[in-house]
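Structure at a glance
Here is what each chain is made of, one letter per residue.
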Amino acid sequence: DGAGADGAGADGAGADGPSPGEARRAAAFGTALTLSDRPFMSELWPDLECVPMSSGVAATDNERAARSRMLDIFLDRVCYLVTSTMEHLLDAKFSGSFGESDLQLREELLWLLRALELEPRCERAAAFSLVEDMMRRLGCPMAERPPEYKPSISRDESSG
């Protein structure tokens, strides 16, 4: 069962519940990323889980700069992992960040926008609100169609 002779589990929790450190982390409101290990921060703000970039105190300018750089890289990575280009697929300003398959899909969606403009009756269809929502989520509100939404080639040219 993972419990040791003292009744503590493999994760450090005792038979009576979580360890004090686990209880504090579970009750934490948020996380503060710090450059140095500052135990007093936990006393001042007990609802924050303080996570230093390295153990101990950065005593020199070089140490602070290295830890600051580590924090910058970490935050850049977090932003990269939570960001998606999907919301900008129909925004021409972001076309340089798409791969070939994304650009092909973008071209097809621009064809759809053109077809919808040519058939205004489509806007009265029950499912049109779903199409509007999809286009908005891809970076193109239907009311603000981009000027480049006309495809670069005709359908006749692309099928040959």
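Residues numbered from 1 in each chain as written. Predicted model: local features only at pLDDT ≥ 70, side-chain atom pairs only at ≥ 80, totals over all residues. Heavy atoms only, no water.

Some details on the environment of Glu 87
So the rule is basically this: Only DSSP runs of H or I covering at least 4 residues are called helices, and only runs of E covering at least 2 are called strands; the numbering of each starts at the N terminus. Only heavy atoms enter the contact rule, under which two residues are in contact if any of them lie within 4.5 Å.
Checked against the element boundaries, Glu 87 lands in the loop between helix H3 (61–82) and helix H4 (100–118). Residues Glu 87 and Cys 140, 53 residues apart in the sequence, show an inter-C-alpha distance of 8.7 Å. With residues near it in sequence (within four places) discarded, Glu 87 still touches Arg 137, Leu 138 and Gly 139.

Some thoughts on the nonpolar core
Note the threshold: By nonpolar core is meant a set of buried Ala, Val, Leu, Ile, Met, Phe, Trp, Tyr and Cys residues that side-chain atoms within 4.5 Å join together. Only protein chains enter the accessibility calculation, which uses a 1.4 Å probe. A residue is then buried if its area is under 20% of the maximum for its type, exposed if over 50%, and partly exposed in between.
Counting residues in each nonpolar core, the largest one holds 9 residues, listed as Leu 89, Leu 90, Phe 98, Leu 109, Leu 110, Leu 113, Met 135, Leu 138 and Cys 140. Per element, the largest residue contribution to this core is 3 residues, and it comes from H4.

So, the pattern of salt bridges
The cut-off we apply is this: Salt bridges are identified by distance alone: a Lys or Arg side-chain nitrogen within 4 Å of an Asp or Glu carboxyl oxygen.
Tallying each qualifying case throughout the model produces 5 salt bridges. Measuring nitrogen to oxygen at the nearest pair gives 2.6 Å for the salt bridge that ties Asp 61 to Arg 64. Of this pair, Asp 61 and Arg 64 both sit in helix H3, separated by 3 residues, roughly a single helical turn. Since its relative accessible area comes to 59%, Asp 61 is described here as exposed. Glu 117 is the partner of Arg 114 in a salt bridge, and the nearest nitrogen-oxygen pair spans 2.5 Å. Taken together, the residues span about one helical turn, with Arg 114 and Glu 117 both in helix H4 at a distance of 3 residues. Of the residues examined, Arg 114 reaches a relative accessible area of 24% and is grouped as partly exposed.

A word on the packing of H4 against helix H5 (residues 128–137)
Note the following rule: Axis definition: a line fitted to C-alpha atoms, over the contacting stretch in the case of helices. Angles run 0 to 180 degrees between N-to-C directions. Working definition: roughly parallel below 35 degrees, roughly antiparallel above 145 degrees, roughly perpendicular at 65 to 115 degrees, and oblique for all remaining angles. The crossing is said to be left-handed when, going from far helix to near helix, the turn is anticlockwise and less than a right angle, and right-handed when the turn is clockwise. Each residue receives one of three labels: charged for Asp, Glu, Lys and Arg, nonpolar for Ala, Val, Leu, Ile, Met, Phe, Trp, Tyr, Cys and Pro, and polar for the others, Gly being one of them.
Look at H4 against H5: their axes get within 12 Å of each other, and the N-to-C directions meet at 135°. Here H4 is positioned oblique relative to H5, judged by the angle of their axes. The element H4 and its partner H5 pack so that their crossing is left-handed. Of H5, the residues touching H4 (which contributes Leu 109, Leu 112, Leu 113 and Leu 116) are Phe 128, Val 131, Met 134 and Met 135. Per-class residue counts for the contact of H4 with H5 are 8 nonpolar, no polar and no charged.

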